[in-house]
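Observations on the three-dimensional arrangement
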Amino acid sequence: MMHWIILPVILPALVAPFIVLAARYHVGIQRVFSVAGVLALIAIAAGLAWQASDGTITLYQLGDWAAPFGIVLVADRLSTMMVLLTALLALMVLLYAIGSDWDTRGRHFHALFQFQLMGIMGAFLTGDLFNLFVFFEVLLIASYGLMIHSGGNTRLRAGVQYVLFNLIGSTLFLFALGSIYAETGTLNMADLAQRVTAIDPAETVGIRVAAVLLLLVFAIKAALVPLHFWLPSSYAEAPAPVAALFAIMTKVGAYAIIRVYTMVFPPDLEVTAGLQSTWLLPVALISLALGAVGVLAVRKLDRLVTFSVIGSMGMVMVTISLFTPESTAAALYYIVHSTLAAASLFLIVDMVKSGRADLYLTPMPAIGGAVVVSALFFVSAIAMTGLPPLSGFLGKLLVLEASFPTNAMAWVFAVVLISSLVNVVGFSRAGSILFWKAKAVERPAEEETPTPPATLSCVAVGGLISLLVVHTVFAGPIHSYMTATSQQLYAPEPYISTVIETPGKLSKPKEGDH
Amino acid sequence: MELLVASAIGVLTAAGLYLVFRMRTFPVILGISLLTYAVNIFLFASGRLTIGAPPILQKGVEGITYTDPLPQALVLTAIVISFGMTAVVVMIALGAYLGGDDDTVNDAPKDDAARQEDAT
């Protein structure tokens, strides 16, 4: 059996305690091990993605126990792609944290960072719903620590909100898992996908409640309206590198929705018919609109970026909720784009913050290194709002194209196009006030000129932006890969048979057993 | 017994939700603890209620009653996780309360005041 699949989980899980125990007082050693760990993670993730790229589904049975009794990790196109995206994002975020000295403003940044990676990787790779819950908790408990990294009253306050909201979400997750287990007697996703088809369509109350509860949990993670209230203040108050890493956490919710609602509760499943088309699409459209309204309404740059994250999650969910192979391919393309764009915006917000008294959208003396920072902001804002030539534009085109043959076409076109316009207005207003009008404001003589951001920080943001450029330039091959991924999702039979039929310890009964 | 377990889950959930909606950290944490108790019982009951039976399938005996062992394992995991999470949230909430001298769970009022000042 191939042991590579579990390495993205094991590696951070080993690096983190090593950093805590052995390199506790040496930030240099912590940095070296953290970066080395993430680089190794990228190599492993690339290897796994390469292996899955021809459509192979690789299974890892923990302790060699066969599914559905043992826990399985499954690497298919979707999960390996998300793992690779996480690893690349983690490298850039880590470089920024080192360059801007965020990791020295509190204890245990690198250890918590590794634990967070472990949770995210596990959530993407697992093939078991309860195991997904456990990995959610791993990534959450690490994120609680990261969220309040370096302290401060406002940050602690936002942290309390964030933790409490997520605790309620976890409780809801357990209720959902309990009802699923009570209805079907299994929590393995592949096994579940087989068993829900056997449920009598006349007695669907329990499984419907379970499916809706599960959707609610994932919607909390994905910050869908009306479950988005935790996002703006916690992302705005979190340390910048942490907020940038959190850009992948909303995508964990989106990933879980794609995974569960294409395989376990697919749109054509009779017992949960109507769940996706009736509920998910309107809510996603409202999220998209509310994100745009928020971008225009807020008076602080960090809140502006958080609302643009809500808007882009709305965009992802609009595309997911159409549930056709084309729309899921578009959603996957947009997920990669919006993760990178949101992360680079959060990092740029931090660069702006370090040169100004606050982040309110008022003209103030120019920040240090204003030319570089404003150029980075310009490019990232173009990406986020979906203007040509970057991948946001292509993503939106794909979304619109995917929605064209569906009934919801008019709604999707209207909301996507209007919200894009509003986003452009919001971002250009913010950018021109922060960077353009700054020239007109004289710096008081007694203030010293602020230092420009460190080169490594700029390299990290530049790295994210160049990934966006790569995502744009190779849009053709990437999109055909995403199409292959979504075809794999809509034909889950190989996945299910790989998980169920691979023999493990329990499948070979000894003589005399029955 | 079904009635007892079901009403216990219901009452705990209702009380927990009421406390969560109080929007002060201490009641909210208590409420979340009640919710986790409710969900633990719920998880336990999701494997059906069986009394006085071992959680073991026995060889060669058909139709024997047994308790489903999986929910017990799930509950154990859930208890451990919720215990750890409660400890974390108590620490963070204490820090926020001692730092800000305020235990309401919402955006910092200072932020609003600054915003109004800014608007005028």
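All figures in this text were calculated on a predicted structure; none of them were measured in a lab.

Rules behind the numbers
- Residues numbered from 1 in each chain as written.
- Chains lettered and ligands numbered in written order.
- Predicted model: local features only at pLDDT ≥ 70, side-chain atom pairs only at ≥ 80, totals over all residues.
- Helix = DSSP H or I, 4+ residues; strand = E, 2+ residues; numbered from the N terminus.
- Rg over C-alpha atoms; globule rule 2.2 N^0.38 Å.
- Buried ≥ 20, exposed ≤ 12 C-beta atoms within 10 Å, placed from the backbone.
- Contact = placed C-beta atoms within 7 Å.
- Core = buried A, V, L, I, M, F, W, Y, C linked by C-beta atoms within 7 Å.
- pLDDT = per-residue confidence, 0-100.
- Axes fitted to C-alpha atoms, helices over the stretch in contact; angles between N-to-C directions.
- Parallel < 35°, antiparallel > 145°, perpendicular 65-115°, else oblique.
- Nonpolar A, V, L, I, M, F, W, Y, C, P; charged D, E, K, R; others polar.
- Expected span 1.5 Å × (residues − 1).
- Pairing = 2+ DSSP bridges.
- Left-handed = near helix turned anticlockwise from the far one by under 90°.

**As for the overall build of chain B**
Within chain B one finds 4 helices and 0 strands. Along the chain direction, N to C, the helices and strands of chain B fall in the order α-α-α-α.

**Quick notes on the overall build of chain A**
Within chain A, the secondary structure is distributed over 19 helices and 2 strands. For 514 residues, the compact-globule formula gives about 24 Å, and the C-alpha radius of gyration of chain A, at 23 Å, lands near that figure. Dimensions along the principal axes, computed over C-alpha positions, put chain A at roughly 90 × 60 × 40 Å. Every one of the 514 residues in chain A was classed for burial, and the buried ones make up 59%. If you take every contact in chain A between residues at least 6 apart in sequence, the share linking residues at least 24 apart comes to 80%.

**A look at the nonpolar core**
Residue and element names in this part refer to chain A. Within the largest apolar cluster, 227 residues are counted, with the highest numbers of intra-cluster contacts made by Val-93, Leu-177, Met-317, Ala-343, Phe-346, Leu-347 and Ile-348. In terms of residues, this core owes the most to one element, helix α13 (residues 325–354), which gives 19 residues. Beyond its immediate chain neighbours, meaning those up to four positions away, Leu-347 contacts Tyr-96, Ala-240, Ala-244, Ala-460 and Val-461.

**Observations regarding the confidence of the model for chain B**
Caution is warranted with low-pLDDT regions, since their predicted coordinates should not be read in detail. All names here are of chain B. Summing up the model confidence of chain B, the mean pLDDT is 83 and the portion of residues at 70 or higher is 85%. For chain B, the element scoring lowest by mean pLDDT is helix α4 (residues 109–119), at 52; helix α1 (residues 2–20) scores highest, at 94. For this predicted complex, the interface score ipTM comes out at 0.89, while the overall pTM is 0.92.

**Looking at the packing of helix α3 (residues 77–99) of chain A against helix α10 (residues 240–263) of chain A**
Residues and elements named next belong to chain A. Remark: α3 packs on α10, axes separated minimally by 9 Å, with the N-to-C direction vectors making an angle of 170°. In terms of their interaxial angle, α3 and α10 are classed as roughly antiparallel. On the side of α3, the interface is formed by Leu-78, Met-82, Thr-86, Leu-89, Ala-90, Val-93, Tyr-96 and Ala-97, while α10 contributes Pro-241, Ala-244, Leu-245, Ile-248, Tyr-255 and Ile-258. The class makeup of the residues in the contact of α3 with α10 is 13 nonpolar, 1 polar and no charged.

**Focus on the environment of Asn131(A)**
Residue and element names in this part refer to chain A. Note on placement: Asn-131 falls in helix α5 (residues 129–147). Residues Asn-131 and Leu-73, 58 residues apart in the sequence, show an inter-C-alpha distance of 9.4 Å. In contact with Asn-131, not counting residues within four places along its chain, are Ile-71 and Thr-126.

**Some thoughts on the interface of chain B and chain A**
Taken residue by residue, the interface counts 31 residues in chain B and 27 residues in chain A. For the side of chain B that touches chain A, the elements supplying multiple residues, two or more each, are α2 (25–45), α3 (69–100) and α4 of chain B. Examining the composition of the side of chain B that touches chain A, we find that 15 residues originate from one element, α3(B), more than from any other. Across the side of chain B that touches chain A, the residue classes break down as 19 nonpolar, 8 polar and 4 charged.

**Examining helix α12 (residues 301–322) of chain A**
Helical geometry note: an α-helix holds 3.6 residues per turn, so side chains three or four residues apart project in the same direction. Residue and element names in this part refer to chain A. Along its 22 residues, α12 runs 32 Å from first to last C-alpha, staying within 8% of the 32 Å computed at 1.5 Å per residue. Of all 22 residues in α12, 22 are buried; the element is thus mostly enclosed. Count one or two residues on from α12 and you reach Phe-323, which has phi positive near 50°.

**Topic: unusual backbone geometry**
All names here are of chain A. Pro-226 follows Val-225 through a cis peptide bond whose omega is 0°. Looking at the secondary structure, you find Pro-226 in the loop between α8 (205–221) and α9 (230–237). Note that the residue after Pro-388, namely Pro-389, is joined by a cis bond; omega there is 10°. For Pro-389, the location among the structural elements is in the loop between α14 (370–385) and α15 (391–403). Here Asp-101, not a glycine, exhibits a phi torsion of approximately 65°, which is positive.

**Observations regarding the environment of Phe323(A)**
All names here are of chain A. As for its placement among the helices and strands, Phe-323 is situated in the loop between α12 and α13. Accessibility expressed as a C-beta count within 10 Å gives 21 for Phe-323, which makes it buried. Taking the C-alpha atoms as reference, Phe-323 lies 39 Å from Val-373; in sequence the two are 50 residues apart. Leaving out residues up to four positions away in the same chain, Phe-323 has contacts with Pro-267 and Gln-276.

**As for the pairing of strand β2 (residues 72–75) of chain A**
Regular strands have side chains that alternate between both faces of the sheet. Residue and element names in this part refer to chain A. In β2, alternate side chains face the same way, and those of Val-72 and Val-74 on one face and Leu-73 and Ala-75 on the other are all buried. In this structure, strand β1 (residues 58–61) lies alongside β2, joined through 4 bridges in antiparallel fashion. Paired with Tyr-60 across the bridge in β2 is Leu-73.

**Description of the packing of helix α11 (residues 275–297) of chain A against α12(A)**
All names here are of chain A. In contact at an axis separation of 7 Å, α11 and α12 are set at 155° when each is read in the N-to-C sense. Between α11 and α12, the crossing angle belongs to the class labelled roughly antiparallel. By crossing handedness, the relation of α11 to α12 is classed as left-handed. Between α11 and α12, the contacting residues are Gln-276, Leu-280, Leu-281, Ala-284, Leu-285, Ser-287, Leu-288, Leu-290, Gly-291, Ala-292, Gly-294 and Val-295 on the first element and Leu-304, Phe-307, Ser-308, Ile-310, Gly-311, Met-313, Gly-314, Met-315, Met-317, Val-318 and Ser-321 on the second. A class-by-class count of the residues in the contact of α11 with α12 yields 15 nonpolar, 8 polar and no charged.

**As for the environment of Phe474(A)**
In this structure, Phe474(A) sits in the loop between α17 (455–473) and α18 (475–490). When the C-alpha atoms of Phe474(A) and Val459(A) are compared, they prove to be 22 Å apart, with 15 residues separating the residues in sequence.

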